[in-house]
Amino acid sequence: MQARTSDARAPGFWPLAFVFALFVLFMYGPMFVIFVLSFQGPEGGLTFPLRGFSLHWFRQLADGLGTVDIGSAFLRSLGLGAAVMLLTVVLSVLAGLAFRKRLRGGDALFYVTVASLIMPSIIVSLGIGLQFRLLDGGIKSALDTLGATATLEGYGTALGLFTSALGAHLTWTLPFGLLIMFAVFNRFNPAYEEAARDLGATRWQSFRHVVLPLIGPSVIGIGMFGFTLSWDEIARTSQAIGDVNTLPLELQGLTSTVTTPAIYALGTVTTVVSFLVMGLTVGLAVLLGRRQGKGRQ
């Protein structure tokens with residue numbers, strides 16, 4: 001007669017469950033509090049007790065917070081996040097394909113790329129800002145030497161959203177994308193590609209119809225990482241963006257000037273955008289997995 005497996009919890013289960021519950025509360029408790037306080041009425045404040053329930057502070061956020069143009073900052077962050085996401089996906093996939101073969105100097109290149117993860121973000125931002133200011137000096141000096149006075153007077157700076165800020169964000173997102181792609185291709189069976197080539201497929205056809213569908217969920221995950229890491233980034237943006245601000249920088253500045261729940265409403269909106277991106281990513285991954293499952297039937 002087979003012994004019946006006991007369903008009793010191990011002695012350490014409940015203490016560990018309690019610690020885990022405290023950890024979850026510590027992580028998501030502040031977020032929940034901000035969500036709740038952002039839906040207060042017109043008489044609401046920055047702390048409890050909750051005074052009414054309405055969308056008043058979201059309407060005020062849509063009307064603007066003083067001299068800060070939240071709408072423009074929101075669009076700038078969306079555009080920058082989309083550019084970072086696209087470049088992170090493309091460069092990570094290409095690097096993963098390249099590193100499947102032994103490259104001369106590949107190890108050094110890999111460690112140099114990943115090293116940006118262990119460097120303080122503010123130092124990376126300062127270094128990129130300094131590089132672009134030196135570039136500004138060189139460009140202005142060259143224009144002055146060439147006698148291009150009109151161009152020199154109209155020249156501002158190379159620092160900008162899709163130049164220095166984009167590069168700063170890529171130093172943060174690319175290493176994660178590379179690590180994911182290296183792990184994926186390390187477990188990838190090249191026999192699938194070889195079978196496609198034996199059947200007459202070109203390299204591009206084998207990548208498009210064989211490799212890409214298999215690594216698709218990981219590619220979607222890299223895209224999510226790229227957007228969400230860029231969307232919330234402050235330190236690497238602060239010294240490398242020039243004379244405009246992204247939404248997180250505006251939010252950081254508003255913490256010292258806005259003393260109403262409107263700032264909670266802004267935090268709620270930015271968090272909802274992050275969750276929407278993650279939900280879309282999970283949905284695409286599940287849909288791709290189902291399509292692959294149907295293809296094998």
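None of these values were measured; they are calculated from a predicted model.

## Quick look at unusual backbone geometry
For step 1, the next point in the chain: Proline 49 follows phenylalanine 48 through a cis peptide bond whose omega is 10 degrees.
For step 2, the next point in the chain: Examined against the element boundaries, proline 49 turns out to sit in the loop between helix 1 (13-37) and helix 2 (56-63).

## Here's the deal with helix 7 (residues 164-186)
For step 1, the next point in the chain: Its 23 residues give helix 7 an end-to-end C-alpha distance of 33 Å, which sits within 8% of 33 Å, the value for a rise of 1.5 Å per residue.
For step 2, the next point in the chain: Its axis deflected by about 35 degrees at threonine 171, helix 7 carries its strongest bend there, up to four residues before the proline proline 175.

## Side note on the packing of aromatic side chains
For step 1, the next point in the chain: Enumeration according to the criterion identifies 13 aromatic pairs in this entry.
For step 2, the next point in the chain: Where phenylalanine 110 meets phenylalanine 182, the ring centres are 5.4 Å apart and the plane angle is 50 degrees; that geometry is what we call tilted. Taken together, the residues span a long stretch of sequence, with phenylalanine 110 in helix 4 (residues 106-114) and phenylalanine 182 in helix 7 at a distance of 72 residues.
For step 3, the next point in the chain: A connected cluster of aromatic rings, assembled from ring pairs, spans Phe99, Phe110, Tyr111 and Phe182.
For step 4, the next point in the chain: If you follow arginine 9 out to its NZ or CZ, it ends over the ring of phenylalanine 13, 4.3 Å from the centre.

## Some points on the layout of surface pockets
For step 1, the next point in the chain: A volume near 350 Å³ is recorded for the largest pocket.
For step 2, the next point in the chain: Contributing elements (two or more residues each) for the lining of the largest pocket: helix 8 (191-198) and helix 9 (203-231).
For step 3, the next point in the chain: The class makeup of the residues in the lining of the largest pocket is three nonpolar, one polar and six charged.

## Some remarks on the environment of arginine 236
For step 1, the next point in the chain: Examined against the element boundaries, arginine 236 turns out to sit in helix 10 (residues 235-238).
For step 2, the next point in the chain: Given the relative accessible area of 0%, arginine 236 is considered buried.
For step 3, the next point in the chain: Expressed as a C-alpha distance, the spacing of arginine 236 and threonine 171, which sit 65 residues apart in the sequence, is 8.8 Å.
For step 4, the next point in the chain: Leave out the neighbours within four places in its chain, and arginine 236 touches Ser116, Leu117, Met119, Ser121, Val124, Ser125, Ala168, Thr171 and Trp172.
For step 5, the next point in the chain: Within the structure, the side chain of arginine 236 is placed 2.9 Å from the side chain of threonine 171, a separation counted as a polar contact.

## Considering the packing of helix 5 (residues 121-146) against helix 7
For step 1, the next point in the chain: Running from N to C, helix 5 and helix 7 cross one another at 145 degrees; their axes reach a closest spacing of 10 Å. The hand of the helix 5/helix 7 crossing is right-handed. Counted together, Val124, Ile128 and Phe132 of helix 5 and Ser164, Gly167, Ala168 and Thr171 of helix 7 form the full contact between these two elements.
For step 2, the next point in the chain: Within the contact of helix 5 with helix 7, the residues separate by chemical class into four nonpolar, three polar and no charged.

Cut-offs used in this document
Residues numbered from 1 in each chain as written. Predicted model: local features only at pLDDT ≥ 70, side-chain atom pairs only at ≥ 80, totals over all residues. Heavy atoms only, no water. Helix = DSSP H or I, 4+ residues; strand = E, 2+ residues; numbered from the N terminus. Expected span 1.5 Å × (residues − 1). Bend = angle between axes of the 7 residues up to and from the residue. Phe/Tyr/Trp six-rings, centres within 6.5 Å; stacked < 30°, edge-to-face > 60°. Lys NZ or Arg CZ within 6 Å of the ring centre and 35° of its normal. 1 Å grid on protein atoms, 1.4 Å probe; cavity = no way out; pocket = protein on both sides within 12 Å on 5 of 7 lines; lining within 4 Å. Points joined across faces, edges and corners; volume = space filled by probe spheres on them. Nonpolar A, V, L, I, M, F, W, Y, C, P; charged D, E, K, R; others polar. Buried < 20%, exposed > 50% of the residue type's maximum accessible area, 1.4 Å probe, protein only. Contact = heavy atoms within 4.5 Å. Polar contact = N/O pair within 3.5 Å; in protein donor to acceptor, adjacent residues only side chain to side chain. Axes fitted to C-alpha atoms, helices over the stretch in contact; angles between N-to-C directions. Left-handed = near helix turned anticlockwise from the far one by under 90°.

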